[in-house]
Amino acid sequence: MQEGHLPTTPHFLKNGGELGELTRNFDWSKTSIGSPEQWPQNLRLTLSMILSSKFPMFLWWGKDLVQFYNDAYRPSLGNEGKHPLALGQKGEECWPEIWVIIHPLIIQVQTTGQATWSEDQLIPIFRNGKIEDVYWTFSYSPIYREDERSIDGVLVVCTETTEKVQSRKLVEESEERFRNMAEGADILIATSDETDNATYFNSAWTQMTGKKMQELLNFGWADLLHEEDYKTFLPFYRESSKKRQPWIREFRLRDKDGNYRWLYVKGTLRFRHDGAFAGYISSSIDITQRKKAEEKLRESEQQVRTIVASAPFPIGVFVGKEMRIILANQTILDIWGKGNNVIGKSYMNILPEFESQAIFDQLSNVLNTGNPFHAQNQRVDIEIKGELQAFYFNYSLTPLYDTSGKVYGIMNTAADVTDLNVAKRRLEQSESNFRNMVLQAPVAMCILSGPEYVVEVANDLIIELWGKLPDSVLEKPLFEGLPDAKNQGLEQLLWNVYTNGETFKADERPVSLLRNGKNETVYLNFVYEPYRDVNGKVVGVLAVAVDVTSQVIVRHRIEELVAERTKELADTNHHLQKSNSELAQFAYIASHDLQEPLRKISVFSQLLENSIGSNADEPSKNYLQKIRSSSVRMNKLIRDVLIFSELVNENQQFIEVNINTIIDDIKTDYELLIEETGALITYENLPVLEAVPLQMTQLFNNLIGNSLKFARKDITPLITITATELTKQEQEKLLLFRHPSYYKIQLTDNGIGFKPEHADQIFNIFQRLHRKSEYEGTGIGLSMCKKIVLNHHGDINADGSSENGAVFNVILPIKNTDLNE
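Calculation criteria
Residues numbered from 1 in each chain as written. Predicted model: local features only at pLDDT ≥ 70, side-chain atom pairs only at ≥ 80, totals over all residues. Heavy atoms only, no water. Helix = DSSP H or I, 4+ residues; strand = E, 2+ residues; numbered from the N terminus. Buried < 20%, exposed > 50% of the residue type's maximum accessible area, 1.4 Å probe, protein only. Contact = heavy atoms within 4.5 Å. Pairing = 2+ DSSP bridges. Axes fitted to C-alpha atoms, helices over the stretch in contact; angles between N-to-C directions. Core = buried A, V, L, I, M, F, W, Y, C linked by side-chain atoms within 4.5 Å. Arc of directions from axis to C-beta. Parallel < 35°, antiparallel > 145°, perpendicular 65-115°, else oblique. Left-handed = near helix turned anticlockwise from the far one by under 90°. Nonpolar A, V, L, I, M, F, W, Y, C, P; charged D, E, K, R; others polar. Phe/Tyr/Trp six-rings, centres within 6.5 Å; stacked < 30°, edge-to-face > 60°.

Participant: I keep staring at the overall build of the protein and nothing clicks. Help me out?
Facilitator: Secondary structure assignment for the protein yields 24 helices and 29 strands. Out of the 821 residues belonging to the protein, those deemed buried represent 44%. In the protein, 52% of the contacts between residues at least 6 apart in sequence involve partners at least 24 apart.

Participant: Got a minute to help me understand unusual backbone geometry in this structure?
Facilitator: Glycine aside, negative phi is the norm for most residues, and most peptide bonds take the trans geometry. Positive phi values are uncommon outside glycine, yet M323 reaches one of about 55 degrees. Within the element layout of this structure, M323 appears in the loop between strand 13 (315–319) and strand 14 (324–328). You will see that H793, though not glycine, has its phi angle at about 60 degrees, which is positive. A relative accessible area of 27% places H793 in the partly exposed class.

Participant: Got a minute to help me understand the sheet that holds strand 17 (residues 407–416) in this structure?
Facilitator: Adjacent strands of a sheet form backbone hydrogen bonds with each other and so pair up, either parallel or antiparallel. Read across the open sheet, the five strands follow the order 14-13-17-16-15; overall the sheet is antiparallel. Of all the strands in the sheet, the pair left with one neighbour each is strand 14 and strand 15 (373–384). Recorded for the sheet is a direction-independent mean angle of 35 degrees between the axes of neighbouring strands. The sheet contact formed by strand 16 (residues 387–401) and strand 17 spans nine bridges and is antiparallel. When the bridges of strand 17 are listed, F393 appears paired with D416.

Participant: Teacher, can you tell me more about the pairing of strand 17 here?
Facilitator: Regular strands have side chains that alternate between both faces of the sheet. Among the ten residues of strand 17, seven are classified as buried, and the element is accordingly described as predominantly covered. Relative to strand 17, strand 13 runs antiparallel, the two being bridged by five bridges. Bridged to F318 within strand 17 is I410.

Participant: Would you mind showing me how to read the nonpolar core here?
Facilitator: Grouped burial of nonpolar side chains is what soluble globular proteins tend to show. Membership of the largest hydrophobic core comes to 40 residues, with the highest contact counts inside it found for M696, L699, F700, I704 and I721. In terms of residue count, the dominant contributor to this core is helix 22 (residues 693–709) (six residues). Here L699 is in contact with C785, I788, V789, V810 and L812, once residues within four sequence places are set aside. Residues L47, V66, L87 and F138 belong to the second largest nonpolar core, which totals 38 residues.

Participant: I would appreciate a short explanation of the pairing of strand 2 (residues 66–69) in the present structure.
Facilitator: Burial along strand 2 is two-sided: V66 and F68 facing one way and Q67 and Y69 facing the other are all buried. Where strand 1 (residues 57–61) meets strand 2, four bridges bridge the pair, whose relative direction is antiparallel. Bridge assignment links W61 to a residue of strand 2, and that residue is V66.

Participant: Even after reading the chapter, I still don't get helix 17 (residues 490–500), so can you show me in this structure?
Facilitator: Residue pairs spaced three or four apart in an α-helix point in one direction, given the helix's 3.6 residues per turn. Considered for burial, the residues of helix 17 that qualify are L490, L493, L494, V497 and Y498. Taken down its axis, helix 17 places every buried residue within 130 degrees of arc, on the same side. Of the surrounding elements, those touching the buried residues of helix 17 are strand 18 (444–449), helix 16 (478–481), strand 20 (504–515), strand 21 (518–532) and strand 22 (538–547). Looking one or two places after helix 17, you find G501, whose phi comes out positive at around 70 degrees.

Participant: Hey, could you run me through the packing of helix 20 (residues 659–669) against helix 22 in this one?
Facilitator: Helix packing geometry: the angle between the two helix axes and the distance between the axes. Close contact between helix 20 and helix 22 brings their axes to 10 Å; oriented N to C, the two are set at 55 degrees. Considering the angle they form, helix 20 stands oblique to helix 22. Helix 22 is crossed by helix 20, and the crossing has right-handed handedness. Here I659, I662, I663, I666 and D669 of helix 20 lie close against helix 22, whose contacting residues are P693, M696, T697, F700, N701 and I704. Of the residues assigned to the contact of helix 20 with helix 22, the class counts are eight nonpolar, two polar and one charged.

Participant: Help me understand the packing of aromatic side chains, please; the structure alone is not making it clear to me.
Facilitator: Both the distance between ring centres and the angle between the ring planes are used here to describe each pair of aromatic rings. Using the criterion set out here, one finds 35 aromatic pairs in the structure. Ring geometry for W336 and Y347: centres 5.8 Å apart, planes at 75 degrees, overall edge-to-face. With a gap of eleven residues between them, W336 in helix 11 (residues 330–336) and Y347 in helix 12 (residues 347–350) connect regions that are remote in the sequence. Here W336 falls in the buried class, since its relative accessible area comes to 4%. Seen from their ring centres, Y453 and Y498 are 6.4 Å apart, and the 85 degrees between their planes marks the pair as edge-to-face.

Next up, the structure:
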């Protein structure tokens, strides 16, 4: 047979293949394409390719779209589907249920000659006796005649992806349930994929860090790690992921206030439905306070020994390369089963069975690197009375440092979780990942099953919170094991969650419990989350709780202190109002009783000078000149004091003021002085503020006049005025919270400046840094500026040096509407 030619009798009409057996007697002559002997060469070549392919393929041919397909396609037709009638059948007759979907695609290919492709397309077909939702990934391609001028058929290469799509939907639904639960939790929860990239962070993460989720994704979160932890944790994390191992770690992370907080983090393996590794679920709690407590613990060895000796969980301390036992409480001695005479002996000699279990290597690594080691649910075989017995522990190997910072020993703390592991294996039969997270969670959690809220799963932390023995609450209705929790409103809350499927959250809710034999009121942050089965039906309640009693007590004390300080502030305000009243009285005296005698002094001194005339000697003329000069200064001082006192008036109207216009008017007032000195004042794009117009004129008049007064003699005076809107961080730093937004208007000059230590002093009333003979003035101008800015709930500060001149920063709110109300 020549290459590229189909045999006279197609192979699917011969023996060899299930499709061929079922169709060998098919009468092709009744179709519009005739018997196989009449088929064109391009059909023969196409069929040869289709029938030899192991990939599902389908062909429509001719005007009637007569159908062909290979054995690889047959399973998609179902056990009670269209085969074998579909072979040689017209497309429209074979696929009436989907013809409106696929026929336009066929026409498109025949018309345009362009192939089309779709992925995971829903095309429901009739098979197995019913219409089934079937998903396909397929391509439609044209089959041209030999002259390549027309299209005889449409070739379909396809694969059914129904199972893949359904599996993906199940995964998406599971992820959605997980995220709903995570968003309701107070602990920090995150997920990563198999490439170690972070894929999700719950709201507790974003609230603590102040970062958006997009900033944390991939390895954005790693930028918040402490520099030391960045070098150690990331390699550890990648190595754990490479080995597909769960992990526990402590590290420091920068919060939204810029402080580093210690986190205790557990990484739990995630798997897809097919068992493939999908990354990690991490759960974290803030252990900053615990770390501080550990530091204090290390400060006093005697205190450590006292705590160790009385601790209900195993603790031991070993030092040196030989791991000499210097401390071991009774609990750890009972677990070892080696007797009480072990102090001073080598840990390795006492427990030689640990050498084959990698524990000696773990100790050596902690001693050499200073990196703590944590094991979770670790099996440890201990020789008891000559026989190895299996136990399970959560244990930590923590380095101990001497005063020089060198690791000199290791503290071993542990918890016997053998019973917990037995229970855990039973739980893993159904919902292992989720239930493991509950048991290993660093916060109190439990699962309450059914309408009676049977305690199906409860971790050690919540049992400790309840103050009960595990046997008295596990596998029992909640309020039977915790009768002291009745009649506090919890029954109705649980019932609402169980019946309505709605999450309930509470912060700092007081709950009265009988704990360890006495009644105590604890304050809890807790979440009641509906616990659903695979069908979405609520079958119980997931409870997550955090004991915040100590924080609440501290806050109550702070509130009491705030109340005390508020009373002190009210008293201070009363004294201030009294002071303002006295100042107003003084201003009245200054404006009425002092100005009249001063005017007479000025008039009579002028008359005296005119009377004496040219007969006056030089000392007399000098005395008269000093009288006039002093009168002028006194008059100006009285006017400035009067203006300053009027600034106390809080009933002035605030309106929109264009600062550009204010500066324009002030330049006009100083026009002669500016021409005389050649001064240059530059400004543009100054803001429009809600303010008292007269006070704004007084404010900038004093500042500009001050810069002109204290100009250098040897250079042209230059005054620059700019404005920028404060950021939220700048507002917080300056403690400006009354208004939402503020402008900083900065006035810079190249004058004589002032010493930095006088930056605050210059705003005091009557404060002068120079002698009157050098620079005229009353010492009230800058204090008047300070008072005007405070009237507008703003701030003013200054910076200066003898080399660069002075800088004045005026900070004013954009809106002062509430001051008019």
